[in-house]
Amino acid sequence: MNRFHLKKANFTNRFHHVRNSRSSSRMFPVVSSLLAFLLLPSGSCFAAEEPLSETGFFLDTVISITIYGTSDSAIMDGCFTLLDEYEQQFSRTIEGSDVWNINHSGGEPTEVGEETAYLIDTALSYAEISDGRFDITITPLAELWDVENNTGVIPSDEDIAEALSHIDFTTVSLDGTTVTLSDPEAEIDLGGIAKGYIADCLKEYLQSEGIESALINLGGNVLTLGAKPDGSNWKIGIRKPFGESSSDLIDVVETTDKAVITSGTYERYFEVDGVIYHHILDTETGYPVENGLTSVTILCESSTEGDALSTTCFVLGLEDGMELVESLDNIEALFISEDLELYYSSGFPEE
């Protein structure tokens, strides 16, 4: 089996649970933020019926969901119920989550849910193919840098070396739904793949409710369900790295029923003496990746796959990342360099 096309488990029972646990209240505060992508309107008009649209915050990011062809708000409530359940399961910081339990097990075997086991198994396959450049045991290094909250403190070489000593995906073993860390001080983080997986599950849920047109945006991880209501392609704008605003675009992708996912240095970073220190960390050096890239956008059918591949291809760099993309079926990519040169894979839909 191609390791990049693992089969997702059947989650009919989970969707049944969602349909029976909807609430009319919102579980997340409505917020605004600069998202990685913008939905661009075309000249044609949408259906007369107004879409359902909600914005919220979970997994440390702004999310938005827009559903066409229904006025049933219970369907949107079901989406947010799923979001809440997945956050409780996959979050590294919520006590009692599967990931929290693994990280606080002291190396003892830990039972997790089927979906958590699937995500770990999938993430380990990307770690293997990238020789550990994509690695879910990155947590000690990520916590050391704490890029999102860092006010300009660069970790010492000694602290970086200590963190690197606990980063090794081969210390994670999976036996069914039992996870064991052979290094008791190792910790995992599914942030590099979880949003993509959750988007896929939201799409599957919406399809089970008869929805044929929707846009799911989990912090810039964009997944489209079907075409727009008028039958035309979605137009997804890709932000210009370090542009002045979210409307400062460098490219536009037209697509139907696909995921468009970007990893970039401009998403979370801090600057010291003119040097940018971003959140995509190098498991070899312990510092933010330096390879001349500012972003990688993946276009594919599976959001799970696109989420993992966007980070994997970024850390691999332009040459090796593009080679990986070209070796895979139904995967396309756009690499953007620090000087804003655009490099497309052979089948990427250029305008």
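So, here's what we can say about the structure. (Residues numbered from 1 in each chain as written. Predicted model: local features only at pLDDT ≥ 70, side-chain atom pairs only at ≥ 80, totals over all residues. Heavy atoms only, no water.)

Turning to the overall build of the chain, a few remarks are in order. Scanning the chain from terminus to terminus reveals 9 helices and 16 strands. Each of the 351 residues in the chain was classed as buried or not, and the buried ones make up 53%. Carbon and sulfur atoms provide 44% of the accessible area of the chain, an area that totals close to 15200 Å². (Helix = DSSP H or I, 4+ residues; strand = E, 2+ residues; numbered from the N terminus. Buried < 20%, exposed > 50% of the residue type's maximum accessible area, 1.4 Å probe, protein only. Areas by Shrake-Rupley, 256 points an atom, 1.4 Å probe, with all protein chains shown as cover.)

Once that is clear, we can look at the sheet that holds strand β7 (residues 213-218). Reading across from one edge, β2-β3-β7-β8-β11-β14-β15-β16 is the order of the 8 strands in this open sheet, with antiparallel pairing throughout. Only two strands of the sheet have a single neighbouring strand rather than two, namely β2 (52-58) and β16 (342-344). The sheet shows a mean angle of 10 degrees between the axes of neighbouring strands, taken without regard to direction. Both strand β8 (residues 221-225) and strand β11 (residues 259-264) contribute to a ladder of 2 bridges, which runs antiparallel. Within β11, the residue paired with valine 222 across the bridge is valine 260. Against the sheet, helix α8 (residues 303-316) touches β8, β11, β14 (293-300) and β15 (332-337), its axis set at about 155 degrees to β14. (Pairing = 2+ DSSP bridges. Axes fitted to C-alpha atoms, helices over the stretch in contact; angles between N-to-C directions. Contact = heavy atoms within 4.5 Å.)

Okay, the sheet that holds strand β6 (residues 178-181) next. Strand order in the open sheet formed by 3 strands is β4-β6-β5, and the pairing between neighbours is antiparallel. Strand pairing shows two members of the sheet lacking a second neighbour, β4 (110-111) and β5 (172-175), which therefore form its edges. In the sheet, β5 pairs with β6 via 4 bridges, with the strands oriented antiparallel. Note that in β6 the partner of valine 172 across the bridge is leucine 181.

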